[in-house]
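What follows is the residue order along each chain.
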Amino acid sequence: MDQNDLEDYAEQIISGSEISDENLREMLQISDPSEIEKLHYVARHIRDNFFGNKVFMYSFVYFSTHCKNNCAFCYYNRENDIERYRLTLEDIKKICQVLKTEEIHMVDLTMGEDPYFHNNPERLVELVRTVKEEVGKPIMVSPGVVDNETLMLLKENGADFLALYQETYDKDLFGKLRVEQSFEERINSRNHAKKIGYCVEDGILTAVEPDIESTLVSLRGLGTSNPDMVRVMTFLPQKGTPLEGKDVEGSEAELKIISILRLMYPNLLIPASLDLEGIDGMVHRLNSGANVVTSIISSNSAIEGVVNYDREHAERDRDVKSVIKRLKTMGMEPAEQSDFEKLLGQ
């Protein structure tokens, strides 16, 4: 296909043409670099139709690394003998003093399923309310699975977005990754959040699927919660976890799936995370069709990320100014805050 053919195909997607399972299988099997670049080109064309050169950005506050779960892929699973932290409300307020001066669209408040908060949800509600009052911007909460009453209380006290990743819609694989957790409970929680007015984000892992059919099931599954944002992240083996020794390839599959997601869900938010390969990885993900920069952490912050490829790095290079500087070299720029709030329906 030449450039005109690629643009025609992109226009078909923009006009509402849907992708068949067979087309998805063909895309997932692409390995030739020139063919993959064509896929990225189509994805960028579609993204630019809906969002232009504008990028949304959100800062990440991992406020508790304690967790009751034993996820096989996660560094912070309960059985991993690591140093953990739990920020106090005063710690959070100090972070807010920085966040409210930064050019971000949303604050992502993330934690493991910490019993300190899960058993006393009023603590989580107070934290969300405090950040909303201090920063005055949209709030994403990533608390794991909480009950419906807590979801409503969080919403009433400032939460706008819920991130709750399924990781996979392959039930057998789910059982191996999210050990002893309910497949249906996560889906029901996300669906309830959507029902009561949240925007929701769902996500899947790649490099853990047994085959293309497993990936296909997950790609289709992402659409079942009527999400506002969909993501894919490459699994990285984490020290001290059951999957520590698993051999995985690079992020090429993730980049390809970002483009496929853009074709499947053309007008949704799709993140480019800094938590996997830093700012250089952000560029590759945006060039694959993403339009949101996530896991921004202030340069002077000691807060951790979920995967934290840069845990041992002296220079993290994940702050807002560094992101904006790199965006400009790509011909991209931050969207207006009002544009993001329109997406939220505010």
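Quick caveat: nothing in here was measured; it's all calculated off a predicted structure.

To continue, consider the pairing of strand S1 (residues 54–64). Burial of S1 is extensive: 10 of the 11 residues sit out of reach of the surface. Summarising the sheet, S1 and strand S9 (residues 333–334) pair through 2 bridges and their orientation is parallel. Opposite Lys 54, over in S9, you have Glu 333 as the bridge partner. Taken together, the 3 bridges between S1 and strand S8 (residues 292–296) define a ladder with parallel strand orientation. What sits directly across from Met 57, in S8, is Val 293. Taken together, S1, helix H4 (residues 89–99) and strand S2 (residues 106–111) constitute a β-α-β crossover, and its handedness is right-handed.

Next up on the list: the pattern of salt bridges. The final tally for this structure, using the stated rule, is 20 salt bridges. The partner of Lys 38 in a salt bridge is Glu 35, with the nearest N and O atoms 3.2 Å apart. Here Lys 38 pairs with Glu 35, and both are found in helix H3 (residues 33–51), just 3 residues apart, close to one helical turn. The exposure class assigned to Lys 38 is partly exposed, which follows from its relative accessible area of 23%. Where Glu 254 meets Arg 285, a salt bridge forms, and the shortest distance between an N and an O atom there is 2.7 Å. Of this pair, Glu 254 sits in helix H11 (residues 252–264) while Arg 285 is found in helix H12 (residues 278–286), placing the two residues 31 residues apart along the sequence. For Glu 254, a relative accessible area of 1% translates into the label buried. With relative accessibility at 0%, the residue Arg 285 sits in the buried group.

Here we come to the packing of H4 against helix H6 (residues 121–135). Between H4 and H6, the shortest axis-to-axis distance is 9 Å and the interhelical angle comes to 25 degrees. The angle between H4 and H6 places the two elements in the roughly parallel class. Helix-helix and strand crossings are classified by hand; for H4 and H6 the assignment is right-handed. Counting all contacts with H4, which are made through Leu 89, Ile 92, Lys 93, Cys 96, Gln 97 and Leu 99, the residues of H6 involved are Glu 126, Leu 127, Thr 130, Val 131, Glu 134 and Val 135. The residue makeup of the contact of H4 with H6, split by class, is 7 nonpolar, 2 polar and 3 charged.

Conventions adopted
- Residues numbered from 1 in each chain as written.
- Predicted model: local features only at pLDDT ≥ 70, side-chain atom pairs only at ≥ 80, totals over all residues.
- Heavy atoms only, no water.
- Buried < 20%, exposed > 50% of the residue type's maximum accessible area, 1.4 Å probe, protein only.
- Helix = DSSP H or I, 4+ residues; strand = E, 2+ residues; numbered from the N terminus.
- Pairing = 2+ DSSP bridges.
- Right-handed = clockwise from strand over helix to strand, strands pointing away.
- Salt bridge = Lys/Arg side-chain N within 4 Å of Asp/Glu carboxyl O.
- Axes fitted to C-alpha atoms, helices over the stretch in contact; angles between N-to-C directions.
- Parallel < 35°, antiparallel > 145°, perpendicular 65-115°, else oblique.
- Left-handed = near helix turned anticlockwise from the far one by under 90°.
- Contact = heavy atoms within 4.5 Å.
- Nonpolar A, V, L, I, M, F, W, Y, C, P; charged D, E, K, R; others polar.

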